[in-house]
Amino acid sequence: MSRPPLAHRLSSLITSDQAVFNLQRYFGTNLLHEAAPFTGSRFEHLAGGGDRQAVANVVTADDLIAVQTLSVRIPAQAALDLLEGDLGVRLSKLLSSVPFGIDMVDAETADLAEESPAHTAWCVLCDQPGIGWVTAGKLLARKRPRLLPVHDQVVRCVLGRPKSFWLDLHGALRADNHALHRELTALRQSADVPATVSALRVCDVVLWMHHRTDHQQRSCIGT
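Residues numbered from 1 in each chain as written. Predicted model: local features only at pLDDT ≥ 70, side-chain atom pairs only at ≥ 80, totals over all residues. Heavy atoms only, no water.

**Student:** Give a description of the layout of surface pockets that names residues and reports values.
**Tutor:** Its boundaries defined by the atoms lining it, the largest pocket holds a volume of some 350 Å³. Around the largest pocket sit 17 residues that line it, and Trp122, His151, Ser164, Phe165 and Trp166 are the ones nearest its centre. Broken down by secondary-structure element, the contributors of at least two residues to the lining of the largest pocket are helix 6 (117–126), helix 7 (133–143) and helix 9 (165–190). It is helix 9 that contributes the most residues to the lining of the largest pocket, three residues altogether. For the lining of the largest pocket, a count of residues per class yields nine nonpolar, four polar and four charged. (1 Å grid on protein atoms, 1.4 Å probe; cavity = no way out; pocket = protein on both sides within 12 Å on 5 of 7 lines; lining within 4 Å. Points joined across faces, edges and corners; volume = space filled by probe spheres on them. Helix = DSSP H or I, 4+ residues; strand = E, 2+ residues; numbered from the N terminus. Nonpolar A, V, L, I, M, F, W, Y, C, P; charged D, E, K, R; others polar.)

**Student:** I'd love a proper account of the side chain of histidine 170, names of residues and values included.
**Tutor:** Looking at the element boundaries, histidine 170 is found in helix 9. Only 2.8 Å separates the side chain of histidine 170 from the backbone oxygen of alanine 107, close enough to count as a polar contact. Not counting residues up to four positions away in its chain, the partners in contact with histidine 170 are Met104, Ala107, Glu108, Thr109 and Leu112. (Polar contact = N/O pair within 3.5 Å; in protein donor to acceptor, adjacent residues only side chain to side chain. Contact = heavy atoms within 4.5 Å.)

**Student:** Give a detailed account of empty space enclosed by the protein, specifying residues and quantitative values.
**Tutor:** Counting across every chain of the model gives three cavities of 30 Å³ or more. Considering only enclosed or pocket space, the largest cavity measures out at about 50 Å³ in volume. Taken together, Phe43, Glu44, Ala141, Pro145, Leu148, Pro149, Val150, Ser198, Leu200, Arg201 and Asp204 form the lining of the largest cavity. Among the elements that line the lining of the largest cavity, the one with the most residues is helix 10 (residues 199–218), at three residues. Classifying every residue of the lining of the largest cavity gives seven nonpolar, one polar and three charged.

**Student:** Break down the packing of aromatic side chains for me, with residues and values.
**Tutor:** Counting across every chain of the model gives four aromatic pairs. Taken together, a centroid distance of 5.1 Å and an interplanar angle of 15° make the contact between tyrosine 26 and phenylalanine 38 stacked. Highlighted residues: tyrosine 26 in helix 2 (residues 17–27) and phenylalanine 38 in the loop between helix 2 and helix 3 (61–68), separated in sequence by twelve residues. On the basis of relative accessibility, which here comes to 19%, the residue phenylalanine 38 falls in the buried class. Residues tyrosine 26 and tryptophan 208 carry aromatic rings whose centres are separated by 6.1 Å and whose planes lie at 80° to one another, so their mutual orientation is edge-to-face. With tyrosine 26 in helix 2 and tryptophan 208 in helix 10, this pair connects stretches of sequence that are 182 residues apart. With relative accessibility at 5%, the residue tyrosine 26 sits in the buried group. By the ring-pair criterion, three or more aromatic residues cluster together here, those being Tyr26, Phe27, Phe38 and Trp208. (Phe/Tyr/Trp six-rings, centres within 6.5 Å; stacked < 30°, edge-to-face > 60°. Buried < 20%, exposed > 50% of the residue type's maximum accessible area, 1.4 Å probe, protein only.)

Here it is as structure tokens:
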């Protein structure tokens, strides 16, 4: 299977000379003592992670704090409903049908398609006042960090706004005998980032770090 255009674009950024430095800067590996890592470096690991077995299918207060490390916030009413109300019950039922413990590269297309429980959960969150597509995606990425990616305006912009980000990324990761996934895991090792950080998250950080400054300075469409 040859690489689709998105895979070529991702590979060029992941294998660039700047990628290792950006990943180290974000996660705080191999930096001077006075250099602090980005707050998002705690997203996966805060309170043991949102995908640990005891809480994998329920949104917790720790998850709500974790998404704040990525510069988004769940509105108070939605947060209460997730923790104590019907919204939390509904989301838990959907999460129980979302594959657990697998990487996106190993998932089936049906696991990510519009009719999937994962996509339905994303839509349910997007329907809540004050929760847009970015925040919904980040909360789901906290619950399934290996399967579902963090995705915001900066990442969407640098990749040319793929029509269906989950499915397009899935195809890119699986192309050419999973070459892109192998490049991401090799980059993670080169940057001395823990293996508990998913390949998806490595991809997100590299893309975000690459374009974040230009995105702000140029006022890219869609900010």
